[in-house]
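Here is what each chain is made of, one letter per residue.
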Amino acid sequence: MSAVSYGMVVDTRTCVACAACVIACKTENDVAEGFSRDWIFTATSGSFPNLEMEIRSERCNHCEDAPCVSVCPTGASHYGPGGTVQVTESKCTGCKACIAACPYDARFIDPRTGAIDKCTFCVHRVENGTPTTACQEVCPTKSIYFGDLNDPESEVSRLLRTRQAYALLPDAGTRPKHFFLK
Amino acid sequence: MKRRQFIRVGSYGAAGAAVAGGLTTDWYGRYANPIADPGTDGDRVVPSFCELCFWKCGILAHVKDGRVTKIKGNPKDPLSNGQLCPRGAGGTGLLYDPDRLQKPMVRRDKRGAQVFEEVSWDDALGVVAENFERIKAEHGAGALALFSHGYGGSWMKHLFKAYGSPNIAAPSYAQCRGPREVGFDLTFGSGVGSPENTDIRNARCLVLIGSHLGENMHNTQVQDFADAIRNGADIITVDPRHSVAASKSRWWLPIKPGTDTALLLAWMNVIIGEGLYDRDYVEQYAYGFEQLSEHVKAFTPEWAYPRTGIEPDVIRRTARAMGAARPATLVHPGRHVTWYGDDTQRSRAIAILNALLGSWGRKGGFFIPSQVSIPPYEYPGYLPHDDQAADRPAPSDYPLADQVLAQGVCDATVPGVVGDSRIKAWMVYGSNLPTTLPDPENTYKAIQELDFLVTVDVLPAEIVGWSDVVLPEATYLERCDELFAPWWREPYVAVRQEVVPPMYDSKPGWWIARELGKRIGLPEFFPWKDSEEYAKTRLEAAGLDCDVMRADGVILGEPAPLYFEEGALPEFYTDSGKIELYSPKLAALGFDPMPTYDHSALEEPPEGYYRLLFGRAPVHTFGRTTNNRLLSEVYRENEVWVNRDVARRWGLEDGERVYLQNQDGKRSSFSAPVKVTGRIRPDAVYVVHGYGRRAPKLRFVHGKGIDDNELITRYKVDPIMGGTGMNVNFVTFLRADDLEVAS
């Protein structure tokens, strides 16, 4: 495997749920009012006073086996650069089959275009010489890592080798490329 | 929360057309897929610094076709380090807020009824100048008071000093940070300032007392907090609520509200008793160790347990963790510390604990900050006035207050509260007093007594509706301001630059101050053409390159040693020249020279009532940002945190709407959903401050959630410096459904 495979790793230990990633994404990508491509999920377990809380900054998992791609009738949902999952607005009819197929609830219709919108892994930046995504760049706790999962020297590969990590809904069988560090 | 819950479909006329464009007969798959570029990179990128809160992070504003598209952190800036908090990233939500004040307005009806007439700047300033001159002639300059919050306020303060009024107040003192500054000053001879000189990133043990870093998003502190987590620091969080910081901590101490000083004393007891303190440091630098060790002998963990609810074993183990990591143990001084009226003494206890651990001036404790010195602009000198500020009945009240008390100025406006009413008129700059000063009814009462009220603001906040003249200010992205040269780890100077010209008929604060100054006969105080020329003059006097400043937004100074071990001077500006564990100054004034704890003074909530606690959401700076459409999308309204067992007793469901009513029968204007959670003690409820807004023209946030400040009808004043302890109110629940049926 030598082709680039972009992936994301979020450190749940340092993420404070501030949602800077959400706001930076919205302005970088001109996301429609009322919608967002990434979001914060918090899960609390235990009961007072023995509690644990996990915080995750979540978005499209850019699955290797993406049901949104296979279900798309027009080819609008497709695998783009670095194995990311992208949507071509002009090909999207807004049929929402992908919304139903996505186990991560990562997609929505942009009311301005009627087409599907979702996280692109900021491919317009990464393919044009800015190595970071907007959410990663803004993050005040540096909890978001982005890079080539096929490059063993990349920060994301190193983190996945050295830290305990998990993906969401692995049983969905979509081979997500978004991981969370415990 | 599931993301879908906050997704709403906006109203966009263009949606239908775009869908129709897809209904052609092409077979879509056969065309190549382009990479779509949202095109938000600016054709210009302007460095400046942020004003969404008061930390002042360096930003890079992208401007495309005259519109600010996005705001990034300035990597050259020592506060942002290229990263931003959500508020900083959402600054365009303020700039393009459709509810912004657009034109100067003059009241045409009684106060409280929002009947205004739009007028020209000339007319509006004429009315203000006339009133300023009249007030001075009839009552003296001191009868005009300024309330100010935010960096642009510097121009108004300058105007007031030139005018000759000593009544320049900022709620950020007596309603927020004041007790901390006084407590640390009494101990180390200097306060911690803003940005605080806390060396969080190098701490090996970090103790947070009610300080909810991560929800309180002072950017650099949170960056450093994440570093501390990554470095494996032992984090101890003391908070009645399981805050985000608590979730990152090895120890969460869910303390009974109001008892923090008891815990601090017990920690001192263990740290001294078990010899965990820094003997050399204390011997060399501290005064009064003998008295302190005698004083804390009685405050054992067993003594503290029934008061605080924290088990003796936990108190001992956390004290040992602090001792083991010293001097890289930072007991954080907090920021909003006006809680219970004994706040200076609690801050003193925090300072003393740090002194015992030897953390002041040490790596991982408090660094010694330095500053780039810039000569002041040469003015003729402010008019001499021997007028005392009107905020206290006698100078001997709150003797260690070193700034004007905002609530005192408010009280001095009402006849009979602080002697005769000495204050006749207010200028309010960027501080929405009805949600800032405790007991808004009292504030409204004072406003009704005023001869004249002028407000300078960006948004139609509550205070605007009560004003006689409203002056719409340009936002921080539309103006150049005073230079910023903080005391910090890396000394530097930053400049705020005009990113885009002011929208509508808004004007920058410097222009408003200068035009008023000219009209009231003080032109010599405003000799500069504009704030840019002003800043340039000062920079050149300091020998700094204005072109570099314009291009980079910051200029770094020479770094100085940060720690005693690196050569920073161990100088303490107390009377004894030492760290005062025992304070002769407090003793001389008749206060406890060392902190004590009086459990009998702690009021318990009545049956069925819960202590009202309030704090922050990371996307908001109190009410200043809750109308920001970008930011409030993430946190639309606040919720009432209710302990799960309490909710069960009341039969409250998660998400059910309630009103809160306090011990004095004051009911919240609006309702909020209940958040049923294990993350708070059963004797307290919590809301995020800044919601429940009553100003009807804040269309996005009006009526959303509950305003805690409305329910703060009582407060306890710190006898040492006059801070208003506001965590002393109790609330009960009223089901929204029941109330609606009844009405």
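Keep in mind the model is a prediction, meaning the values are calculated, not measured. (Residues numbered from 1 in each chain as written. Chains lettered and ligands numbered in written order. Predicted model: local features only at pLDDT ≥ 70, side-chain atom pairs only at ≥ 80, totals over all residues.)

### Some details on the overall build of chain A
Working step 1: Helix and strand content of chain A: six helices and 10 strands.
Working step 2: Expected size for 182 residues packed as a compact globule is a radius of gyration near 16 Å; at 16 Å, chain A falls within 12% of this value.
Working step 3: When the backbone C-alpha atoms are referred to their principal axes, chain A occupies close to 50 × 40 × 30 Å.
Working step 4: Restricting to contacts in chain A with at least 6 residues of sequence separation, those with at least 24 account for 58%. (Helix = DSSP H or I, 4+ residues; strand = E, 2+ residues; numbered from the N terminus. Rg over C-alpha atoms; globule rule 2.2 N^0.38 Å. Contact = placed C-beta atoms within 7 Å.)

### Things to note about the domain arrangement of chain B
Residue and element names in this part refer to chain B.
Working step 1: Taken domain by domain, chain B holds domain 1 (183-369 + 564-588) and domain 2 (603-742).
Working step 2: Summarising the inter-unit geometry, the C-alpha centres of domain 1 and domain 2 are found 29 Å apart.
Working step 3: Contacts between the two partners involve 17 residues from domain 1, matched on the other side by 23 residues from domain 2.
Working step 4: Considered class by class, the residues forming the side of domain 1 that touches domain 2 number six nonpolar, seven polar and four charged. (Domains from an automatic or database assignment. Nonpolar A, V, L, I, M, F, W, Y, C, P; charged D, E, K, R; others polar.)

### Concerning the packing of helix 5 (residues 153-163) of chain B against helix 18 (residues 509-519) of chain B
Residues and elements named next belong to chain B.
Working step 1: It is at 8 Å that the axes of helix 5 and helix 18 come closest, and there the two elements cross at 15 degrees. Looking at the two axes, helix 5 sits roughly parallel to helix 18. Like other packed secondary-structure pairs, helix 5 and helix 18 cross with a definite hand, here right-handed. Touching Trp155, Met156, His158, Leu159 and Ala162 of helix 5 are Gly509, Trp510, Ala513, Leu516 and Gly517, all from helix 18. (Axes fitted to C-alpha atoms, helices over the stretch in contact; angles between N-to-C directions. Parallel < 35°, antiparallel > 145°, perpendicular 65-115°, else oblique. Left-handed = near helix turned anticlockwise from the far one by under 90°.)

### Comments concerning the interface of chain B and chain A
Working step 1: In this complex, chain B contributes 55 residues to the contact, which on the side of chain A involves 56 residues.
Working step 2: Going through the elements one at a time, helix 1 (15-21), strand 3 (67-73), helix 2 (86-89), helix 7 (219-230), helix 8 (244-247) and helix 22 (629-632) of chain B are the ones with two or more residues in the side of chain B that touches chain A.

### Remarks on the sheet that holds strand 9 (residues 234-238) of chain B
All names here are of chain B.
Working step 1: Spatially, four strands are ordered 10-9-8-12 in an open sheet, and the strand pairing comes out parallel. Of all the strands in the sheet, just strand 10 (251-253) and strand 12 (329-331) have a single pairing partner and so form its edges. Between one strand axis and the next, the sheet turns through 10 degrees on average, direction left out of account.
Working step 2: As judged from the three bridges shared by strand 9 and strand 10, these two strands associate in the parallel manner. Residue Val238 lies in a different strand from strand 10, and its bridge partner there is Leu253. (Pairing = 2+ DSSP bridges.)

### Topic: the pairing of strand 10 (residues 178-181) of chain A
Residue and element names in this part refer to chain A.
Working step 1: Of the strand pairs in this sheet, strand 1 (residues 6-11) and strand 10 are connected by four bridges, and their pairing is parallel. In the strand pairing of strand 10, Met8 is matched with His178.
Working step 2: Across two bridges, strand 9 (residues 165-166) lies against strand 10 in antiparallel orientation. Of the residues in strand 10, the one forming a bridge with Ala165 is Leu181.

### Topic: helix 16 (residues 440-449) of chain B
All names here are of chain B.
Working step 1: Taken together, the buried positions of helix 16 are Pro440, Thr443, Ala446 and Ile447. Buried residues of helix 16, seen end-on, are gathered within an arc of 115 degrees and therefore sit on one face of the element.
Working step 2: Looking at the buried residues of helix 16, the elements they touch are helix 15 (406-411) and strand 14 (452-457). (Buried ≥ 20, exposed ≤ 12 C-beta atoms within 10 Å, placed from the backbone. Arc of directions from axis to C-beta.)

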